[in-house]
Amino acid sequence: DMARRLKITQNASEFVLSSPPDPSDVIYTDFQRPGKTTFHAVVGYSLIAVLFLSFLPLVIAISSIASLEALMDVLPLFRLIVTQHPMIRDVWNGIVGALVLSVLMSIMPSLLVFIIRRCFLLRAEGWVQQFLHQWYYLFLVLFVLIVTCIGQSVFLSWRDVLHNPVTVFAFLVKNLPISTKFYLKYFPVQWTSKSIALTRFPNLVSFLVYRTFTNKERALELSEPEDQDYYGLGGRSARVSLLVTIALTFCSLSPVICLLAISNFAWNRIVWGYLLVFAEAKKADLGGVFWCTQLKHVQYALVLYAVFMMGVILQRAASYGPVVVTILSLIPIAVSCHQFDTTFQWEFLAFRDVMACDASEEKSSDMKSVSRYAQPELASS
């Protein structure tokens, strides 16, 4: 830690010191390529923006097909299903929208990693996962939470939105209480996806395919590891952060969502406790980067909760008093976020802790030397 803080020359960009990744996690091919320039970074962020604009109409379309009643005016077939086949209607309204949205969002990590690897020079797989964690979480919040809540209201009233972009917030506040039913269905879909991940069927399919033209040992080697874009620490951490954000956002509008979230995290503990230890390839440890990033995401979720509740209370309250209280609640959240970024030095070990570690090591070594047994007959005279 002390060496990493040294200023070797006056030019801060001449020597850049950082903690090295695990040797098995280094992307050695990146050292053979010339360093990425600002132009590459601009291209990378531009591609991420294009990716967002490409997925936006798809997510809006999914939000519009989540209910069969909304499709009755489009095709007569859906009207027939709604009126004569109530079981199909209930199944469709229950899981189709959440399932299709989950499948669509599962494609996002691979596309983001494709952009990250070609436009940003990170030189370690763990750092790629960290970069993915931050952007994937942002995309999930925008698409799964905000865009899905707004639904097709903005699409149908796009002229009003262009004339006054603030109306997007009005659409969001109006549709937020109605959207609770969708997210109550979204959590059970996540249980299903975790159960499917427990089977590791992509690796099984790969093994069976490779087994047709090679031996068993080689097929097993080729079928591992699992897809790190989706099943890596970055993708999983982002999806967990999203579920926490959804639970915090709707905990007041629909308290039962807290029970669904708790049960989902308990199931995650069982599934990932098995996969990470006994089945999957060992992931690189960055020393708590993903955990601290998730804590920051929880703080962002509290900001979203306060803002959304402010809009809901403003729409329903008889006076502005509750709205003022909600606005004031943003102050301690902002202070907490600032303290987390400035006060808590989790990346470095404090000097006092270093001295305590040295003292404990010396004490343990003294105890070992005292408790060591030597046979008197073999001891030197």
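Since the structure is predicted, the reported quantities are computational estimates derived from the model, not experimental observations.

### A short note on the overall build of the protein
Next, step 1: Scanning the protein for helices and strands turns up 17 helices and zero strands.
Next, step 2: A separation of at least 24 residues holds for 76% of the contacts in the protein among residues at least 6 apart in sequence.
Next, step 3: Just so you have it, the protein exposes about 23300 Å², and 67% of that area is on carbon and sulfur atoms.

### Observations concerning the nonpolar core
Next, step 1: By size, the foremost hydrophobic cluster in this structure holds 54 residues, and its most contacted members are Met 105, Met 108, Val 144, Leu 145, Tyr 183, Tyr 186 and Ile 246.
Next, step 2: Every element with two or more residues in this core is listed here: α1 (38-65), α3 (86-119), α4 (125-150), α7 (167-175), α8 (180-199), α12 (233-250), α13 (256-279) and α14 (289-316).
Next, step 3: Top contributing element to this core by residue count: α4, with 14 residues.
Next, step 4: Among the domains, domain 1 (25-123) and domain 2 (129-286) are the pair contributing at least three residues each to this core.

### Comments concerning the environment of Ile 262
Next, step 1: Note that Ile 262 resides in helix α13.
Next, step 2: Distance in space between the C-alpha atoms of Ile 262 and Val 244 is 9.5 Å, their sequence separation being 18 residues.

### Points about the confidence of the model for the protein
Interpreting fine coordinate detail is not advised for predicted regions of low pLDDT.
Next, step 1: Counting all residues, the mean pLDDT for the protein is 79, and 77% of those residues have values of 70 or more.
Next, step 2: The spread of mean pLDDT over the elements of the protein runs between helix α5 (residues 153-156), the lowest at 49, and α12, the highest at 92.

### With respect to the packing of aromatic side chains
Next, step 1: Tallied over the full model, the rule gives 14 aromatic pairs.
Next, step 2: Summarising the aromatic geometry, the rings of Phe 182 and Tyr 183 are spaced 5.2 Å apart at their centres and angled 85 degrees between planes, so their arrangement reads as edge-to-face. The same class applies to Phe 182 as to Tyr 183, namely buried.
Next, step 3: Ring-pair connections join several aromatic residues into one group, and the members of that group are Tyr 45, Phe 120, Phe 131 and Trp 135.
Next, step 4: Over the aromatic face of Tyr 230 sits the side chain of Arg 239, whose NZ or CZ is 3.8 Å from the ring centroid.

### Remarks on the side chain of Glu 280
Next, step 1: For Glu 280, the position within the fold is in the loop between α13 and α14.
Next, step 2: The class for Glu 280 is buried, based on a relative accessible area of 9%.
Next, step 3: In terms of polar contacts, Glu 280 uses its side chain to reach the side chain of Arg 236, at 2.6 Å.
Next, step 4: Separated by 2.9 Å, the side chains of Glu 280 and Lys 283 make a polar contact.

### Description of the packing of α14 against helix α16 (residues 330-342)
Next, step 1: Two elements in contact, α14 and α16, have axes separated by 10 Å at closest approach and are oriented at 165 degrees. Regarding the angle of α14 to α16, the classification is roughly antiparallel. Crossing hand, α14 versus α16: left-handed. Residues Cys 292, Leu 295, Lys 296, Gln 299, Leu 302, Val 303 and Ala 306 of α14 form the contact with α16, whose participating residues are Leu 330, Ile 333, Ser 336, Cys 337, Phe 340 and Asp 341.
Next, step 2: Of the residues in the contact of α14 with α16, the class split is nine nonpolar, two polar and two charged.

### Observations regarding the pattern of salt bridges
Next, step 1: In this structure the tally under the stated criterion is eight salt bridges.
Next, step 2: Asp 341 is paired through a salt bridge with Lys 296; the nearest N and O atoms lie 3.3 Å apart. A residue pair is termed long-range when its members are at least 10 positions apart, and Asp 341 in helix α16 and Lys 296 in helix α14 qualify at 45 residues.
Next, step 3: By relative accessible area, Asp 341 is classed as partly exposed at 47%.
Next, step 4: Taking the relative accessible area as the measure of exposure, Lys 296 reaches 26% and is therefore partly exposed.
Next, step 5: Overlapping salt bridges bring together Arg 200, Glu 224, Glu 226, Arg 236, Glu 280 and Lys 283 as one network.

### Quick look at the packing of α12 against α14
Next, step 1: Closest axis-to-axis distance for the α12/α14 pair is 9 Å, and the angle between their directions is 30 degrees. Relative to α14, α12 is oriented roughly parallel. For the element pair α12 and α14, the recorded crossing hand is right-handed. In contact with Leu 233, Gly 234, Ser 237, Val 240, Ser 241, Val 244, Thr 245, Leu 248 and Thr 249 of α12, α14 contributes Phe 290, Gln 294, His 297, Val 298, Ala 301, Leu 302, Leu 304, Tyr 305, Phe 308 and Met 309.
Next, step 2: When the residues that make up the contact of α12 with α14 are grouped by side-chain class, the tally is 12 nonpolar, seven polar and no charged.

### Structural notes on the side chain of Thr 180
Next, step 1: Summarising the element assignment, Thr 180 is placed in helix α8.
Next, step 2: If near-sequence neighbours (up to four positions away) are discounted, Thr 180 is found in contact with Phe 250, Leu 253 and Ser 254.

What counts, and where the lines are drawn
- Residues numbered from 1 in each chain as written.
- Predicted model: local features only at pLDDT ≥ 70, side-chain atom pairs only at ≥ 80, totals over all residues.
- Heavy atoms only, no water.
- Helix = DSSP H or I, 4+ residues; strand = E, 2+ residues; numbered from the N terminus.
- Contact = heavy atoms within 4.5 Å.
- Areas by Shrake-Rupley, 256 points an atom, 1.4 Å probe, with all protein chains shown as cover.
- Core = buried A, V, L, I, M, F, W, Y, C linked by side-chain atoms within 4.5 Å.
- Buried < 20%, exposed > 50% of the residue type's maximum accessible area, 1.4 Å probe, protein only.
- Domains from an automatic or database assignment.
- pLDDT = per-residue confidence, 0-100.
- Phe/Tyr/Trp six-rings, centres within 6.5 Å; stacked < 30°, edge-to-face > 60°.
- Lys NZ or Arg CZ within 6 Å of the ring centre and 35° of its normal.
- Polar contact = N/O pair within 3.5 Å; in protein donor to acceptor, adjacent residues only side chain to side chain.
- Axes fitted to C-alpha atoms, helices over the stretch in contact; angles between N-to-C directions.
- Parallel < 35°, antiparallel > 145°, perpendicular 65-115°, else oblique.
- Left-handed = near helix turned anticlockwise from the far one by under 90°.
- Nonpolar A, V, L, I, M, F, W, Y, C, P; charged D, E, K, R; others polar.
- Salt bridge = Lys/Arg side-chain N within 4 Å of Asp/Glu carboxyl O.

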